[in-house]
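What follows is each chain in one-letter form.
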Amino acid sequence: MRRTTPACLRALVILISAWCFAQQESSPSLTIYNQNFAVVRQSVPLDLKTGVNHVLFSDITAHAEPESVVLRELSGGHLQILEQNYRNDPISEGLLLNLFEGKTLDFDVGNDSQGHPVIVQGRVVRSGYVPHVEAYQRYGQQYAMAQMTMTSGGAGQPVIEVNGKLQFNLPGRPIFPSLGTDTILKPTFDWQLQSPEGGHRLAELSYVSGGMSWHADYNIVAPETGDIADVVGWVTLDNQSGKTFDNARIKLMAGDVSKIQPPGAGFGFAQNGAISDQVALPPVTEKSFDEYHLYTLERPTTLRDREIKQVEFLRAMGVHTSRIYVYDGVRISQQYRGWNMETIRDNANYGNESNPKIWVMLEFKNSKSNSLGMPLPQGRVRFYRRDHDGQMEFTGEDKIDHTPTDETVRLYTGNAFDVVGERRRTYYKHNAQERWTDESFEVKLRNHKSAPVEVRVVEHLYRWSNWAITQKSDDFQKINAQTIEFRVSVLPDTEKTVTYTAHYSW
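Residues numbered from 1 in each chain as written. Predicted model: local features only at pLDDT ≥ 70, side-chain atom pairs only at ≥ 80, totals over all residues. Heavy atoms only, no water.

### Focus: unusual backbone geometry
For N36, which is not glycine, the phi dihedral falls at a positive 65 degrees. Structurally, the position occupied by N36 is in the loop between strand 1 (29–33) and strand 2 (37–48). Judged by its relative accessible area of 47%, N36 is partly exposed. Despite not being glycine, D493 has its phi angle at roughly 55 degrees, a positive value. (Helix = DSSP H or I, 4+ residues; strand = E, 2+ residues; numbered from the N terminus. Buried < 20%, exposed > 50% of the residue type's maximum accessible area, 1.4 Å probe, protein only.)

### A look at the pairing of strand 19 (residues 307–328)
By the bridge criterion, 11 bridges tie strand 14 (residues 228–239) to strand 19 in an arrangement that is antiparallel. Note that in strand 19 the partner of I228 across the bridge is H320. In terms of strand pairing, strand 19 meets strand 22 (residues 359–365) through six bridges, oriented antiparallel. Bridged to S322 within strand 22 is E363. Of the strand pairs in this sheet, strand 19 and strand 28 (residues 453–460) are connected by four bridges, and their pairing is parallel. When the sheet's bridge partners are listed, V326 is paired in strand 28 with R456. (Pairing = 2+ DSSP bridges.)

### Overview of the side chain of N347
In this structure, N347 sits in the loop between helix 5 (341–346) and strand 21 (353–354). Here Y350 takes part through its backbone nitrogen, which lies 3.1 Å from a polar atom of the side chain of N347. Here N347 is in contact with Y336, W339, Y428 and R463, once residues within four sequence places are set aside. (Polar contact = N/O pair within 3.5 Å; in protein donor to acceptor, adjacent residues only side chain to side chain. Contact = heavy atoms within 4.5 Å.)

### Observations regarding the sheet that holds strand 10 (residues 173–175)
Strand order in this open sheet of five strands is 9-8-7-6-10, and the pairing throughout is antiparallel. One side of each edge strand has no neighbouring strand; the edge strands of this open sheet are strand 9 (165–167) and strand 10. Averaged over neighbouring strand pairs, the angle between their axes works out to 45 degrees when direction is ignored. Two strands pair when backbone bridges link them, and strand 7 (residues 117–126) and strand 8 (residues 159–162) are joined in this way by three bridges, in the antiparallel orientation. If you follow V124 over to strand 8, its bridge partner there is I160. (Axes fitted to C-alpha atoms, helices over the stretch in contact; angles between N-to-C directions.)

Take a look at the structure:
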């Protein structure tokens, strides 16, 4: 029996790995975070010689973070990056002028009366080139302001010497010699790679890039009457990275991931891939990942540069919802902003203003028994209700935070039209020497609907942490350390009054 040598086995492993990865070579993968960045993974074909190799790789985004680069050989070889240069200043007229500062160029100034081109020569004294916005974002606001000062001070304006005279504009269209070997047309990684052996191999390149984000949107559609609704969720992918990803495998990470922002960050400035439809797959699947949730688009998709793409990830029919009315009647004036509890405790006027609006809330359980049960990423929720003619009418919108399974979602849809509230203080006594305060309130609810409504009256016991309700007209629930809630039913075309007295001591 012929024995296989280790060298043959290694060659076989390399061939198999290259073949397997070649099947995915046109399918990069992305993990997009909802914090305006992504992790990019893609294949890099390499033809190397033994020893040190100079490699240029330009199939990258315009917002790559070069410090995050991981390059590994898929066959398990020992590929080492000795030096990496991230070049993100693609060739442009301004940059070429900068490269030719101090030199003489030909300028095409147009045609003469006979239709012949007229060429004049000019020496580039100053190009007027100022580095692009990527440098601003990378090096911070101070650098950006310095560049803007240079521009406003005239440094951004070219100076050309023609026939011994200076002019602050180009005399015509500059004509440059052919591009040198040191110029690039798009962002590029310039590597010095150390390889223990030569030959063709495939490597995987991973890096963090800005310019990509995603967010979720939800549409809730309810019938003309009743509380059974349909919930449809979309993810919106936004690619502003400067690179198109063909037939990409995409994952979306939901959660608050710690990401250090560069200094001065925020300074002002599809088609689907082919896949068999024989098996019906959910458009997006979800799983827990570390302390976050990872959503995977089951169908590869092409995400073009400067493209915004929507993919449906949730469709739940027959979701049981509840409409609730909440009256949070206290209105706090802006003059009290920043007051501490001791100052609030001793001020008789605090909390004495009333808000007449009653909120309309929509509430539902995010559970499997309620046709949901999938962790919901944060996003905007729009509400629709069908009219008697079947037409959908927009009835409000709100936002939800990241919501785990089996938690209750409560959304504000607007203010009630036919139900109003009124809150007023009926008694107040403060005894500083004996260290106590008594305060009484009266809350009136008026229902102008043709059906009864239940209103949840929320009261905030803001004067001190040690309190007791000494008198009440209705039962209440303690929501937290300083909030109570009365749930009262108000009959059609009637008024309901809720009263209570709070005793504070310290």
